[in-house]
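An overview of the molecular structure
Residue-level listing of the chains:
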Amino acid sequence: MSSLVNLMTGVSGVRGIVGRSLTPELLTRLGAAFGTYMKAGHIIVGRDTRTSGDMVKYSVFSGLLSTGCNVTDIDIATTPSCQIMIEELGADGGVVISASHNPIEWNALKLFKANGMYLNKEESKEFFDIYHKGHFLKAEWNQLKDLETDASTIRRHLKKVLKHIDVEKIRRRKFKVALDCCNGAGSIITPILLEKLGCQIVSIHCLPNGLFPHNPEPIFINLGDLSKLVKKTRADIGFAQDADADRVAVITEKGRILSEEYSLSMATQYRLSQKKGTVVVNLSTSRAIDDIADSYGVPVIRTAVGEINVAEKLKEVNGVIGGEGNGGVIDPRVHYGRDSLAGIVIMLEYLASEREPVSKLADRIPKYYSAKLKTDCPDSKSAKVMRGLRNMFKKEKIDFTEGLKVSFDHSWVHIRPSGTEPVIRVIVESQHKKQASDLADKVLKEVKKQIKG
Ligand code: MG
């Protein structure tokens, strides 16, 4: 029962398919392993809206409680809400039950420590070692602790998000905001946030029932409904979240679905205009960030993909803003984690500070074309495939921080095995549209060849 075969494991936790690899037996063991890793401390548990949420949650509770942990159940909450609650309640760690942007059949455990940040690579390894050894703490009848609930999550998260924002300035504009929460964890808290900001809300898919009306990844192909809604209702702006609301995408008043890269680019543009300082992003994030940072004379630091890698560096260098180009904005004033709500308030304050609509603010972002492709590749093969790919770029300088990244004058390519799905991702960006798609196709063809061979 202890094998983690057919699961995705790493710094983003453990992901699997419900009814297949993600079973209650396995989840209880993972709970017991985490309780042991946390020395039977106080653990906060939240979940997104997936229909498997209760099955997963009660299995994990059982494991955690068996080690002597006391557990606070905050039930349906966004990942950033849960991260903030760990800090706010002074807990020792937390578990978020959410497979984030993965499709509905998936669920996952995301694991956090006392500061509300993900376990990093070394800490994850320590945790998985405990899991595999199976020597879990076992509390006796008189050492078992209570399972508690706490209803302060929304209030505490919103207080943090709104603390550094000019709420009155946004309220005066009476923005009409279109919202698509994909029936995920953002469905409850996000409309409350927008109401506090005096916005008129037009929403679709904001029922927290976990029945995703489309794939929850906030990318172009999934956001057609929201684009139509923006146009039909003449909204000022549209926001789309993934299922656990750490990522956000923006739609302009014209209904244009901005690439998810724009969320961080625009937030960075605005935050640097308020305060100059270091920006930290992952290797796959748009070069537009470097151009924006250059215009303010501030440095950009790049890390491996994965929130914890960016967040740790951002904290270390005391940066002003950071995140991931997949729509993950990190505002250190709120918390060292990606937070769609923090991203939304920055965007609305930016919009309130300008005389121009969001389409014009988007036009200010340096134009790059990206192509993000992926192909199935079993975890067991990915290391060999990555080694095989080196040959393709033997004349270039390769950055091995994570996978392979090769930078050219007007373009770059980043190839990496995903940490959350059994796929290899190819991300290309170029100033020229055709060059981006040609390079991506060429690299993907080589990746597929390596997988076959
Ligand atoms: Mg997510």
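Treat the numbers as computed from the prediction; the structure is a model and nothing was measured. (Residues numbered from 1 in each chain as written. Predicted model: local features only at pLDDT ≥ 70, side-chain atom pairs only at ≥ 80, totals over all residues. Heavy atoms only, no water.)

Brief notes about the overall build of the protein
Helix and strand content of the protein: 15 helices and 20 strands. A compact globule built from 453 residues should have a C-alpha radius of gyration of about 22 Å, and the protein, at 21 Å, falls within 12% of that. Counting only C-alpha atoms, the protein reaches 65 × 60 × 40 Å along its principal axes. Residues counted as buried form 60% of the 453 residues belonging to the protein. Intrachain contacts of the protein at a sequence separation of at least 6 include 70% that bridge at least 24 residues. Surface summary for the protein: the accessible area is close to 18500 Å², and the carbon and sulfur share equals 50%. Counting 65 positive and 54 negative side-chain charges, the protein places the averaged centre of each group 4 Å from the other. (Helix = DSSP H or I, 4+ residues; strand = E, 2+ residues; numbered from the N terminus. Rg over C-alpha atoms; globule rule 2.2 N^0.38 Å. Buried < 20%, exposed > 50% of the residue type's maximum accessible area, 1.4 Å probe, protein only. Contact = heavy atoms within 4.5 Å. Areas by Shrake-Rupley, 256 points an atom, 1.4 Å probe, with all protein chains shown as cover. Lys, Arg positive; Asp, Glu negative; His and termini not counted. Charge placed at Lys NZ, Arg CZ, Asp CG, Glu CD.)

Notes on the coordination of the magnesium ion
Around the magnesium ion, the donor atoms from the protein are Ser100 (OG), Asp242 (OD), Asp244 (OD) and Asp246 (OD), and they sit 2.0 to 2.1 Å away. Mapped onto the sequence, the residues coordinating the magnesium ion show the spacing S-x141-D-x1-D-x1-D. Of this pair, serine 100 sits in the loop between β5 (93-97) and β6 (106-113) while aspartate 246 sits in the loop between β10 (237-241) and β11 (248-251), placing them 146 residues apart in sequence. The class of aspartate 246 is buried, set by a relative accessible area of 0%. (Donors = N, O, S within 2.8 Å, 3.2 Å for Na, K, Ca; no water.)

A few points about the state of the cysteines
Here the structure, examined in full by the defined rule, presents 0 disulfides. Here cysteine 69 stays unpaired: no disulfide links it, and the sulfur of cysteine 82, its closest cysteine neighbor, is 14 Å away. Lacking any disulfide linkage, cysteine 206 is separated from the closest cysteine sulfur, that of cysteine 181, by 3.4 Å. (Disulfide = S-S within 2.5 Å.)

Description of the pattern of salt bridges
In the structure shown here, the tally under the stated rule is 28 salt bridges. For glutamate 261, the salt bridge identified is with lysine 372, shortest N-O distance 3.1 Å. Residue glutamate 261 is found in helix α9 (residues 261-274), and its partner lysine 372 is found in strand β16 (residues 369-376); the two are separated by 111 residues along the sequence. A salt bridge links glutamate 421 to arginine 425; the nearest nitrogen and oxygen atoms lie 2.9 Å apart. Salt bridges here are not isolated pairs; linked through shared partners, they connect Lys110, Asp244, Asp246, Glu307, Glu324 and Arg338. (Salt bridge = Lys/Arg side-chain N within 4 Å of Asp/Glu carboxyl O.)

Comments concerning the side chain of aspartate 73
Within the element layout of this structure, aspartate 73 appears in strand β4 (residues 70-76). A polar side-chain atom of aspartate 73 sits 2.8 Å from the main-chain amide nitrogen of aspartate 75. Once residues within four sequence positions are removed from consideration, aspartate 73 is found in contact with Val45, Lys57, Phe61, Leu147, Glu148, Thr149 and Asp150. (Polar contact = N/O pair within 3.5 Å; in protein donor to acceptor, adjacent residues only side chain to side chain.)

Describing the sheet that holds strand β12 (residues 279-282)
Judged by pairing direction, the sheet is mixed, and its 4 strands sit side by side in the order β13-β12-β14-β15 without closing on themselves. Looking at strand neighbours, the two that pair on one side only are β13 (300-303) and β15 (328-330), the edges of this open sheet. If you compare each strand with its neighbour and ignore which way they point, the axes differ by 20° on average. Summarising the sheet, β12 and strand β14 (residues 321-324) pair through 3 bridges and their orientation is parallel. Directly across from valine 279, in β14, lies its bridge partner isoleucine 321. (Pairing = 2+ DSSP bridges. Axes fitted to C-alpha atoms, helices over the stretch in contact; angles between N-to-C directions.)

Points about the packing of aromatic side chains
What the rule picks out here adds up to 7 aromatic pairs. Aromatic side chains tyrosine 58 and phenylalanine 61 sit 5.6 Å apart centroid to centroid with 85° between the ring planes, which places their arrangement in the edge-to-face category. Linking tyrosine 58 with phenylalanine 61, this pair stays in helix α2 (residues 53-66), spanning 3 residues, or about one helical turn. Phenylalanine 61 gets classed as buried once you look at its relative accessible area, which sits at 3%. For the ring pair tyrosine 270 and tyrosine 350, a centre distance of 5.1 Å and an interplane angle of 20° mean the geometry is stacked. Placement of tyrosine 270 in helix α9 and of tyrosine 350 in helix α12 (residues 340-353) is noted, with a sequence separation of 80 residues between them. Given a relative accessible area of 6%, tyrosine 270 falls into the buried group. (Phe/Tyr/Trp six-rings, centres within 6.5 Å; stacked < 30°, edge-to-face > 60°.)

As for helix α5 (residues 153-162)
What sets the pattern is the α-helix's 3.6 residues per turn: residues three or four places apart point alike. For α5, the complete set of buried residues consists of Thr153, His157, Leu158, Val161 and Leu162. Take α5 and look down its axis: the buried residues cluster within an arc of 135°, on one side only. Those residues of α5 that are exposed and angled more than 90 degrees off the buried face are Arg155 and Lys159. (Arc of directions from axis to C-beta.)

A closer look at the sheet that holds strand β9 (residues 200-204)
What the 4 strands build is an open sheet, ordered β9-β8-β10-β11; its pairing is mixed. The strands lining the two open edges of the sheet, one partner per strand, are β9 and β11. Strand-to-strand twist of the sheet, defined as the mean angle between neighbouring strand axes without regard to direction, takes the value 25°.

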